[in-house]
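Fold and contact review
One-letter residues, chain by chain:
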Amino acid sequence: MCGIVGAVAERNVTAILLEGLKRLEYRGYDSAGVALFSNAGVLERRRRVGKVNELEQSLAGEPLVGRLGIAHTRWATHGAPLEHNAHPHFSSGELAVVHNGIIENHEPLRDRLKSLGYLFTSDTDTEVIVHLLHHKMQDTPDLTAALKATVKELHGAYGLAVISAKQPDRLVAARSGSPLVVGLGLGENFLASDQLALRQVTDRFMYLEEGDIAEIRRDSVQIWTAAGVSVEREIVQYREGAEAADKGEFRHFMLKEIHEQPKVVQRTLENRLGPEQVLVQAFGPQAAELFAKVRNVQIVACGTSYHAGMVARYWLEGLAGIPCQVEVASEFRYRKVVVQPDTLFVSISQSGETADTLAALRNAKELGFLASLAICNVSISSLVRESDLTLLTQAGPEIGVASTKAFTTQLVALMLLTLSLGQVKGTLAAGVEAELVEELRRLPTRLGEALAMDSTVEKVAELFAEKNHTLFLGRGAQFPVAMEGALKLKEISYIHAEAYPAGELKHGPLALVDSDMPVVTVAPNNELLEKLKSNLQEVRARGGELIVFADEQAGLNNGEGTHVISMPHIIDALAPILYTVPLQLLSYYVAVLKGTDVDQPRNLAKSVTVE
Ligand code: F6R
């Protein structure tokens, strides 16, 4: 989603801002812009629709030079992706703003500001901020003080940064619902919506908290809370992320991240397994006491993370005997929810900044859940900060918009949760935990074996290049895996894909099946295999082409219209993790064949910080 970079230095900051924008490209955007307080003593800006490259080329031809600047990548919400809607937005040539989030009361503010004589040049909600600030500065000339007064009138979500031609000694910023981080340099300071944007200039960061206002000068940073109290925020040395910066030998970040899965699954397991048991304290010192009280689990998440939650329901109920509900956050947050006594609220998120998931967590706190647990990939995220317990997935930064290694590490974390709850409550069948702990230790090797199928899957992808629709089938815990496979295919190859529990086929979707609709199935060797085989016959009988990822012991063979890809045998409980891998590879290779922008698919954003 939108990205912000800002800098105040004694050197020209254009290159720093551009590099920062490039590092934020993975989040998804449709236009980019930069504004500088130029050496000529005025605000100047350049905006371009499309990639940061276009902006860079324009700046190479006609440079902007300055020591104070802000820059932005925009993901359109209010107003089409056109140059006049791209940030930064100006007021009276004196102020420039960049903004992430949505100002919900932009309409009344716009009417008021228009009646005061302000001229609007964009269709965005953002432009009201800069005119309102300009208006406030007529009575409160100090930029920082005027910003404090301005944000009091804004409803909605914002992470924003402002520079002024009249007070070019500083960059001011405000956070409410959209993350911002200050980067600390030597005699220069920076701001960004994600620390990754600033990794080339610093590794020392200060994370703004909800409601914070910051005044960032070359040699000082001052922060106030929403109540106007001056505060110091902790300085964090951030070393993660360096390895994420380049693709290495891989053509795309997505492929690199798929191949990182053995390593990051290993990391997610590290220090969390005893000889025959999961170490419950991995969830926090008070986890064992809390888990003993848990009688139900409510999982809330979005997109891929929601699919991880769906798999976990099969585990929590099937292995640990704990009732579990799973819901997408955007529904949960607006529904009247009846909470069962002693329910653990579990949120799952790669970024920890997804607006709907965060809002659901905040609602949950009012609803009387026993406690909240965040399964998250970002240790400094809002979700982690606001939850009682945390289990970090150790996937490392995920740059490809389509989530891959985040999903498999979430599944690992959820299996650790299942075993921990079952262990503390004594609900696991004898021997199950020891067996699964051993199998979890072998999982990185198994994932490596699945990755070795890379070139086989690449070949299978050719079957999809000319197709417009695909059906994914799975049964039991493989149904959410099928859903995840369908989501991956649609988001990066733009082929319409739907997932069904295989048993539902004859209740409707079978009508769609013909030779133009490939049907992808995941078939581990479990008690549902025979049922699944019958479903596959139903597809073949209608001329549908089958692509089956099947256990080597499943007894399924290649035949006319049936392509069987043999998978290494794995204990059934962990099969969802293993079978995800070839589906990720499949969507990747189909997308490559179709020539789409694999790492930054159209219309999508990496971290969905608006609802
Ligand atoms: C799909 C994908 C999205 C995210 C969803 C939630 O590949 O990445 O569906 O899973 O936007 O994001 P997080 O996990 O950051 O809350």
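What you are looking at is a predicted structure, and each value in this text was computed from that prediction instead of being measured. (Residues numbered from 1 in each chain as written. Predicted model: local features only at pLDDT ≥ 70, side-chain atom pairs only at ≥ 80, totals over all residues. Heavy atoms only, no water.)

Turning next to the overall build of the protein chain. Within the protein chain one finds 18 helices and 25 strands. Taken over C-alpha atoms, the radius of gyration comes to 26 Å for the protein chain, in line with the 25 Å a tight globule of 611 residues would show. Its C-alpha atoms give the protein chain principal-axis dimensions of about 75 × 55 × 45 Å. When each of the 611 residues of the protein chain is scored for burial, the buried share is 61%. (Helix = DSSP H or I, 4+ residues; strand = E, 2+ residues; numbered from the N terminus. Rg over C-alpha atoms; globule rule 2.2 N^0.38 Å. Buried < 20%, exposed > 50% of the residue type's maximum accessible area, 1.4 Å probe, protein only.)

Our next topic: the pairing of strand β13 (residues 221–224). Here strand β12 (residues 213–217) runs beside β13; their pairing, made up of four bridges, is antiparallel. Bridge pairing in β13 places Ala-214 opposite Ile-223. The antiparallel pairing of β12 with β13 creates a hairpin that spans three residues between the two strands. Bridge count between β13 and strand β14 (residues 230–231): two bridges; the pairing is antiparallel. Paired with Trp-224 across the strands is Ser-230, a residue of β14. The antiparallel pairing of β13 with β14 creates a hairpin that spans five residues between the two strands, and Gly-228 there sits at a positive phi of about 90°. (Pairing = 2+ DSSP bridges.)

Moving on, we come to the site of the ligand. In the region of the ligand, 15 residues are neighbours, and Ser-305, Ser-349, Gln-350, Thr-354 and Glu-491 sit closest. Take Ser-403: an N or O atom from its main chain is 2.9 Å from an oxygen atom of the ligand. Contacts to the ligand include Lys-488, whose side-chain N or O atom sits 3.0 Å from an oxygen atom. For the ligand, whose free accessible area comes to 400 Å², the fraction covered by protein is 90%. Mapped onto the shell around the ligand, the elements with two or more residues apiece are α9 (303–318) and α16 (478–493). When grouped by side-chain class, the residues that make up the shell around the ligand number five nonpolar, eight polar and two charged. (Near = heavy atom within 4 Å. Polar contact = N/O pair within 3.5 Å; in protein donor to acceptor, adjacent residues only side chain to side chain. Areas by Shrake-Rupley, 256 points an atom, 1.4 Å probe, with all protein chains shown as cover. Nonpolar A, V, L, I, M, F, W, Y, C, P; charged D, E, K, R; others polar.)

This part covers the UniProt feature "active site" (unreviewed entry) in the protein chain. The residues that UniProt annotates with the feature "active site" (unreviewed entry) are Cys-2 and Lys-606. Judged by maximum C-alpha separation, these annotated positions cover 605 residues in sequence but sit close together in space, the widest gap being only 9.5 Å. Here Cys-2 shows up in the segment before β1 (3–8). Here Cys-2 falls in the buried class, since its relative accessible area comes to 11%. Residues contacting Cys-2, with those up to four places away along its chain left out, are Arg-27, Gly-28, His-72, Thr-73, Arg-74, Trp-75, Asn-100 and Ser-193. Here Lys-606 is in contact with Met-1, Tyr-26, Arg-27, Gly-28, Gln-350, Glu-398, Ile-399, Gly-400, Val-401, Ala-402 and Ser-403, once residues within four sequence places are set aside. (UniProt positions renumbered as here; feature names shortened; annotations may be inferred. Contact = heavy atoms within 4.5 Å.)

Under the UniProt annotation, the feature "domain: Glutamine amidotransferase type-2" (unreviewed entry) is placed at residues 2–219. The straight-line gap between the two end C-alpha atoms of residues 2–219 is 28 Å; of that span, 24% is helix and 32% is strand.

Pairing is parallel across the open sheet formed by five strands, whose spatial order is β17-β16-β18-β19-β20. At either margin of the open sheet sits one strand with a lone partner, and together these are β17 (324–328) and β20 (389–392). Going across the sheet, the axis of each strand differs from the next one's by a mean of 20°, ignoring polarity. Strand contacts of helix α11 (residues 355–366): β16 (296–301), β18 (343–349) and β19 (371–376), with the helix running at about 165° to β18, the strand carrying the most contacts. (Axes fitted to C-alpha atoms, helices over the stretch in contact; angles between N-to-C directions.)

Attention now goes to the nonpolar core. Counting 95 residues, the largest nonpolar core has Phe-291, Val-297 and Phe-549 as the members making the most contacts within it. Each residue touching Val-297, except ones within four places of it in the same chain, is listed here: Leu-316, Ile-322, Pro-323, Cys-324, Gln-325, Thr-343, Leu-344, Val-346 and Leu-421. Membership of the second largest hydrophobic core comes to 27 residues, among which are Ala-32, Leu-36, Leu-55 and Leu-59. (Core = buried A, V, L, I, M, F, W, Y, C linked by side-chain atoms within 4.5 Å.)

Glancing now at the packing of aromatic side chains. Tallying each qualifying case throughout the model produces six aromatic pairs. Consider the rings of Phe-332 and Phe-345, whose centres lie 5.7 Å apart with planes at 50°: the pair is tilted. Within this pair, whereas Phe-332 is found in helix α10 (residues 329–332), its partner Phe-345 is found in strand β18, the two being separated by 13 residues in sequence. Comparing Phe-332 with Phe-345 shows no difference in burial state: the two are buried. Members of the aromatic cluster, joined through ring pairs, are Phe-332, Phe-345 and Phe-369. For the cation-ring pair, Lys-148 lies above Trp-224, with the distance from its terminal atom to the ring centre recorded as 3.7 Å. Lying over the aromatic face of Tyr-494, Arg-602 brings its terminal NZ or CZ to 3.8 Å of the ring centre. (Phe/Tyr/Trp six-rings, centres within 6.5 Å; stacked < 30°, edge-to-face > 60°. Lys NZ or Arg CZ within 6 Å of the ring centre and 35° of its normal.)

Each pair of packed helices gets described by two things: the angle between the helix axes and the distance between those axes. For the pair α9 and helix α13 (residues 405–425), the least separation of the axes is 9 Å and the interaxial angle reads 30°. By the angle between their axes, α9 is roughly parallel relative to α13. Considering how the two elements wind past one another, α9 and α13 form a crossing that is right-handed. Across the interface between the two elements, Thr-304, Ser-305, His-307, Ala-308, Gly-309, Val-311, Ala-312, Trp-315 and Leu-316 of α9 pack against Phe-407, Gln-410, Leu-411, Leu-414, Met-415, Thr-418 and Leu-421 of α13. Each residue belonging to the contact of α9 with α13 can be placed in one class, and the counts come to 10 nonpolar, six polar and no charged. (Parallel < 35°, antiparallel > 145°, perpendicular 65-115°, else oblique. Left-handed = near helix turned anticlockwise from the far one by under 90°.)

Moving on, we get to the sheet that holds strand β24 (residues 546–551). Taken in spatial order, the five strands make up an open sheet running β22-β21-β23-β24-β25, and their pairing is parallel. Each of the sheet's edge strands pairs with one partner strand only, and the pair in question is β22 (496–501) and β25 (562–567). If you compare each strand with its neighbour and ignore which way they point, the axes differ by 20° on average. Sheet topology places strand β23 (residues 519–523) next to β24; five bridges connect them, and they run parallel. The partner of Thr-521 across the bridge, within β24, is Val-548.

Attention now goes to the state of the cysteines. Enumeration according to the criterion identifies zero disulfides in this entry. Unpaired in this structure, Cys-2 has its nearest cysteine sulfur neighbour in Cys-302, at a distance of 17 Å. The structure places no disulfide on Cys-302, whose sulfur is separated from the nearest cysteine sulfur, that of Cys-376, by 12 Å. (Disulfide = S-S within 2.5 Å.)

Moving on: helix α15 (residues 454–461). Buried within α15 we find Asp-454, Val-457, Val-460 and Ala-461. Summarising the axial view, the buried residues of α15 lie within an arc of 120°, below the 170-degree limit, and thus occupy one face. On its buried face, α15 sits against α6 (253–259), α14 (432–451), β24, β25 and α18 (575–594). (Arc of directions from axis to C-beta.)

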